[in-house]
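Descriptive analysis of the structure
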Amino acid sequence: MKALHRKTEEIAILLAAALILAVLPLSLDPFRLNLVGKYMAFAFVAIGIVLTWGYSGVLSLGQGIFFGLGGYMMAMFLKLEASAPELPDFMVWSSVESLPVWWQPFHSLTLTLLLIVVLPGLAAYLFSLAIFRKRVSGVYFAIVTLALAMTLTVLIIGQQGDTGGANGITDFRTLLGWDIVGDEGKQALYFIEAGALVVAMLAALAIVRSRLGKILIAIRDREDRVRFSGYDTAHVKACIFCVAAILSSIGGAFFTLQVGLISPGAIGVVASIEMVIYAAVGGRLSIPGAVVGALLIGFLKSYLSETFPEVWLYFLGAIFIAVVVVMPNGLAGVFGQIQARRAAGSAR
């Protein structure tokens, strides 16, 4: 059964890679392909949630924090490039006379990319380690992360002169002089993002199949026994939470590039909970399932909002409830059951 699951996961990753690298680019117009690029940004977050929630038993309702950090840092670089040599427009409107010191590193793309990876990862590790050392877990950890997402949203909105406030950071068109708004630029960004997403899936698969993955599953099932065996479970959980934060931050950076803006709404409570739903729909134990879940829910949000603009949220809510009741292990669980039945039928 384990061999079947391993083979199924590998095939599913190949199919997901073929879908985003070949099928969708060949079948969609530039506008729809750009929307898929937006959905793929959330797929990075969903993969991280699979690692933390599905394999480690750590449910975070604040992944929007790290998604927003990555998105805002990329937006800061793009805004400085678009505004140079003047201050960003929202700073001028807020009577800010000089660029804040903490904006200075974002004049460099190299430093920006480094900070997108290092800053959220370091913050996530230190925060979660302190929490896990106190043996805080389960619903209590989820509540803490949810509260942090709310706090960060209020903080960003309140700092109009430094962050753009409720409007966020917008109005940029180039990346190192390269047009990222036109169809050619959007298409190139799409393939870069799709390639990065495939790498993220493979890296996550390598983690869950390594010794670390086995320890994570053991912690999820019986953390007390793992702790008594000599493992520092707080450190292990903090490390995987750090990996999830980095994935979320990378997704946020791609979101900014694809959408052309970042706002506090990407960090808030609603966004963070939706990110968990992506993983739940795809299957919280399936890496490619998380990607499919993000793409599927993103497509449904767009389609339903266009077709039923007044009641689309009710349709979406009904879909979520149906998944929880009928498919507790998500789409990947249904696919796994079909594969198992086929294997049992062949054995007979």
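Given the structure is predicted, the values throughout are model-derived calculations rather than measurements.

1. Topic: the overall build of the protein chain
- Broken down by element type, the protein chain carries 14 helices and 2 strands.
- A compact globule built from 348 residues should have a C-alpha radius of gyration of about 20 Å, and the protein chain, at 21 Å, falls within 12% of that.
- Oriented by its inertia axes, the alpha-carbon framework of the protein chain measures out at about 75 × 50 × 40 Å.
- Of all 348 residues assigned to the protein chain, the portion counted as buried reaches 47%.
- Pairs at least 24 residues apart make up 78% of the contacts formed inside the protein chain by residues separated by at least 6 positions.
- Working note: accessible area of the protein chain is about 16800 Å², and carbon and sulfur atoms make up 67% of it.

2. Section: helix α3 (residues 63-83)
- Here α3 is 21 residues long and its end C-alpha atoms lie 30 Å apart, about the 30 Å a rise of 1.5 Å per residue gives.
- Extensive coverage of α3 is indicated by the burial of 18 of its 21 residues.

3. Here's the deal with the environment of valine 117
- Topologically, valine 117 is positioned in helix α5 (residues 109-133).
- When the C-alpha atoms of valine 117 and tyrosine 55 are compared, they prove to be 22 Å apart, with 62 residues separating the residues in sequence.

4. Quick word on a nonpolar patch on the surface
- A surface patch of nonpolar side chains, about 810 Å² in accessible area, is lined by Val292, Leu296, Phe299, Tyr303, Phe308, Val311, Tyr314, Phe315 and Leu331.
- Contributions of two or more residues to the nonpolar patch are made by α12 (287-307) and α13 (312-326).
- It is α12 that provides the largest number of residues to the nonpolar patch, a total of 4 residues.
- Within the secondary structure layout, tyrosine 314 lies in helix α13.

5. With respect to the packing of helix α2 (residues 30-54) against helix α8 (residues 183-208)
- Where α2 meets α8, the axes come as close as 10 Å, and the angle between the chain directions of the two elements is 20°. Classed by the angle they form, the pair α2 and α8 counts as roughly parallel. When the axes of α2 and α8 are compared, the crossing they make is left-handed.
- Across the contact of α2 with α8, the residue classes tally to 18 nonpolar, 3 polar and 3 charged.

Reading the values: rules and limits
- Residues numbered from 1 in each chain as written.
- Predicted model: local features only at pLDDT ≥ 70, side-chain atom pairs only at ≥ 80, totals over all residues.
- Heavy atoms only, no water.
- Helix = DSSP H or I, 4+ residues; strand = E, 2+ residues; numbered from the N terminus.
- Rg over C-alpha atoms; globule rule 2.2 N^0.38 Å.
- Buried < 20%, exposed > 50% of the residue type's maximum accessible area, 1.4 Å probe, protein only.
- Contact = heavy atoms within 4.5 Å.
- Areas by Shrake-Rupley, 256 points an atom, 1.4 Å probe, with all protein chains shown as cover.
- Expected span 1.5 Å × (residues − 1).
- Patch = residues over 30% accessible without salt bridge, like charges linked within 9 Å, V, L, I, M, F, W, Y side chains within 5 Å.
- Salt bridge = Lys/Arg side-chain N within 4 Å of Asp/Glu carboxyl O.
- Axes fitted to C-alpha atoms, helices over the stretch in contact; angles between N-to-C directions.
- Parallel < 35°, antiparallel > 145°, perpendicular 65-115°, else oblique.
- Left-handed = near helix turned anticlockwise from the far one by under 90°.
- Nonpolar A, V, L, I, M, F, W, Y, C, P; charged D, E, K, R; others polar.

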